[in-house]
Structure formats: structure tokens, C-alpha cells
Amino acid sequence: MKFFSANIDSLRKLYINQLQMMLSAEQQITDALPKMIDKATDTQLKQAFHSHLQETEQHVTRLEQILRQTTGDTDTVRCKVLSALVTEAEDMIKDAKDDSVRDVALIAGAQRVEHYEIASYGALRQFARILGETAQAQTLDQTIKEEGHADHLLTEISDRINPYAEKGAERAA
Ligand SMILES: [Fe+2]
Ligand SMILES: [Fe+2]
């Protein structure tokens, strides 16, 4: 792992640094998703997390391929945002005392991660285009589409579960 002290004086260096940071982010997501599958109660939500775990493993592989092409190795730069998002999500889930409330908390946490990924990959795709790395831009675009799809699916599931979460306390009473 490298720390953010590299001398970044060109767009190519920034591109590489951010690819390394996203690799760290995706690795952290790969660690977090199995715990989220475990905590989820709703079957469709469990399934959605499970398919996105498989996609996330692909995201790791794609970044490793791009980095190997570009730098010859798969070094990472620790993504601090992801560890903060995971800690916050864990706090939300820990305090949820109702299955539906816990499921919507899981979705809220997961969607923050998807939006972070979409924003980060959007910048990376643009850097790749400017640097003439057309094939890499297409690979990153494929990942962005999968993040977007995961986000939309979570919105649909959340729309279905939210009314149950709203009545959580009433049901328990
Ligand atoms: Fe991803
Ligand atoms: Fe994702």
C-alpha cells in the first residue's frame, strides 16, 4: 500500500493514483458485502447484494488489469472514504431494532457507496478518455453501468420495504 505522498504532477499520475485508490475501495466493498448479505432479512435484498458481490469481484479484476497494463503492478492507495462509509453503515445497522428498518438502513448505506463509486469512476473514465486510453475508458464505463444498475435496483427494493419500516414500531407494539 502507498500513501498519498506521491509526487502527482500530471493527469496520468493522478489517473494512476485514483485507480489505485478505487482498487482499495473495491477490495473493502468485497469484504463488506458478505456481512451485509448476512444482516439482510429480505430475500430480494440478499440476492441483490449477492449479485453485486460477484460484480464487485469483477470490478477488482478490471482495475487490476488496467493497473497491470499501466504500471506493471497492482499496488493500492488506501481509500479512507470507504472505511468511513462502512463504519457509518455498521453504526446504523447496529442500532436498528426491526428487520425492515435494518434492511432500509443497509440499503441507505449501500447506496452511499454506489454513488461514491459512480462519481469516482466517472472522473476516472474522463481521465482515460483525455489520456487516449479508449479501451480503459470502455472498461470503466462497463463498471459504471453495473454500479448504476445496482443503485436503481436498491431504490426499487427500498420503495417496497420502506412502508414496512415505517410501521416497524406499530407492528412490534
Ligand atoms: Fe464496484
Ligand atoms: Fe458497487
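Everything numeric in this text was worked out from a predicted model, so none of it was measured.

Notes on the nonpolar core
Counting residues in each nonpolar core, the largest one holds 43 residues, and the members touching the most others are Tyr 15, Leu 19, Phe 49, Leu 124 and Leu 140. Breaking this core down by element, the ones donating at least two residues are α1 (11–39), α2 (43–71), α3 (80–95), α4 (99–130) and α5 (134–166).

Quick notes on the coordination of the iron ion (ligand 1)
Distances from the iron ion (ligand 1) to its protein donors, Glu 26 (OE), Glu 26 (OE), His 59 (ND1), Glu 117 (OE) and Glu 147 (OE), fall within 2.1 to 2.5 Å. Between the donor residues of the iron ion (ligand 1), the gaps in sequence give the motif E-x32-H-x57-E-x29-E.

A closer look at the coordination of the iron ion (ligand 2)
Taken together, His 52 (NE2), Glu 114 (OE), Glu 114 (OE), Glu 117 (OE) and Glu 147 (OE) make up the full set of protein donors to the iron ion (ligand 2), lying 2.0 to 2.7 Å away. Each donor residue of the iron ion (ligand 2) lies on one chain, and together they are spaced H-x61-E-x2-E-x29-E. Between the iron ion (ligand 2) and the iron ion (ligand 1), a separation of 3.4 Å is found, and both are coordinated by Glu 117. Of this pair, Glu 114 sits in helix α4 while Glu 147 sits in helix α5; the two residues are 33 residues apart in sequence, bridging distant segments of the chain. Residues Glu 114 and Glu 147 agree in their burial class; the two are buried.

A few points about α5
The terminal C-alpha atoms of α5, which comprises 33 residues, lie 47 Å apart, in line with the 48 Å expected from a rise of 1.5 Å per residue. Of all the bends in α5, the greatest reaches close to 35 degrees and is centred on Arg 160; the proline Pro 163 follows between one and four positions later.

As for the environment of Asp 98
Structurally, Asp 98 is set in the loop between α3 and α4. Expressed as a C-alpha distance, the spacing of Asp 98 and Ala 165, which sit 67 residues apart in the sequence, is 7.6 Å. A distance of 2.9 Å separates a polar atom in the side chain of Asp 98 from the backbone nitrogen of Ser 100. One polar contact links the side chain of Asp 98 to the main-chain amide nitrogen of Val 101, over a distance of 3.1 Å.

Here is what the cut-offs are and how they apply
Residues numbered from 1 in each chain as written. Chains lettered and ligands numbered in written order. Predicted model: local features only at pLDDT ≥ 70, side-chain atom pairs only at ≥ 80, totals over all residues. Heavy atoms only, no water. Core = buried A, V, L, I, M, F, W, Y, C linked by side-chain atoms within 4.5 Å. Buried < 20%, exposed > 50% of the residue type's maximum accessible area, 1.4 Å probe, protein only. Helix = DSSP H or I, 4+ residues; strand = E, 2+ residues; numbered from the N terminus. Donors = N, O, S within 2.8 Å, 3.2 Å for Na, K, Ca; no water. Expected span 1.5 Å × (residues − 1). Bend = angle between axes of the 7 residues up to and from the residue. Polar contact = N/O pair within 3.5 Å; in protein donor to acceptor, adjacent residues only side chain to side chain.

All we've got here are geometric facts, nothing functional implied.
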